Every structure is written in structure tokens, then in C-alpha cells.
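# Structure assessment
Given next are the chains, with one letter for each unit.
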Amino acid sequence: VQLVESGGGLVQPGGSLRLSCAASGFTFSTYYMRWYRQAPGKERELVAGITSSGGSTNLADSVKGRFTISRDNVKNTVHLQMNSLKPDDTAVYYCNVRWGGFDYWGQGTQVTVSS
């Protein structure tokens, strides 16, 4: 199982970023996918999840109305569209899949929201 995140960077408050996670090594189209984030000194928190078909999503209250999770089961990718970004969104963002009873993570992508 391999997960590779991309798309992070430095953005001003109110700006947008689109994160991507390229997945391989498992049957992507049959697994629920998640995005987590971890800010300095804080625990990793669940941000968003999406069902295998993409037909249902879940978002943390802190990002509802601003973030959208989506997936492409042809390209084996999952995305996190982040709008109206706030300084509190600053964190390393990780893609996650629970496969074979284990959690797999990517290397993470840094998102910094600052003026």
C-alpha cells in the first residue's frame, strides 16, 4: 500500500488549496478513504472521509462549508478541496486507508495559512 500526498503550500487567509493523494497497492475503488491533519503540538484529527463509491462524505465540523472531499476511482486519487482557509487550518495533512486491519498513511503535505 502506498499513499502519496501533494498540493500543500503557503496560502493567505481566505485562500484555497487542493490536496491530492495518489494511491496504489490495493483495490482503491473498494475502500473508504480519509484525510487527517496534525498541527504542531496537537493530536492528529480526522478532517474528512469518503465512501468507496464517492456517494457519501463526512466532514469535521471545523471544516464544513469550506472543505470538500472527492475521489477519482479511475485515477486512484482522492482530493481535498480547501476554501476560505484560516490560520487554524495550518497543519500537515495526511491521506489514510484502513487496509487488512492496519492504518496506512502517506508522508503528509504541509499546509500553512498565513499573511
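The notes below deal with the structure included here. It should be emphasised that the depicted structure is a prediction, and the values quoted were computed from it without experimental measurement. (Residues numbered from 1 in each chain as written. Predicted model: local features only at pLDDT ≥ 70, side-chain atom pairs only at ≥ 80, totals over all residues. Heavy atoms only, no water.)

### Describing the pattern of salt bridges
Tallied over the full model, the rule gives 5 salt bridges. Where Asp103 meets Arg98, a salt bridge forms, and the shortest distance between an N and an O atom there is 2.9 Å. (Salt bridge = Lys/Arg side-chain N within 4 Å of Asp/Glu carboxyl O.)

### As for the environment of Trp99
Its location among the elements puts Trp99 in strand E9 (residues 91-99). In this structure the C-alpha to C-alpha distance between Trp99 and Phe26, which are 73 residues apart in sequence, comes to 8.1 Å. Residues contacting Trp99, with those up to four places away along its chain left out, are Val1, Phe26, Tyr31 and Tyr104. Reaching out from Trp99, the side chain makes a polar contact with the side chain of Tyr31 at a distance of 3.3 Å. (Helix = DSSP H or I, 4+ residues; strand = E, 2+ residues; numbered from the N terminus. Contact = heavy atoms within 4.5 Å. Polar contact = N/O pair within 3.5 Å; in protein donor to acceptor, adjacent residues only side chain to side chain.)

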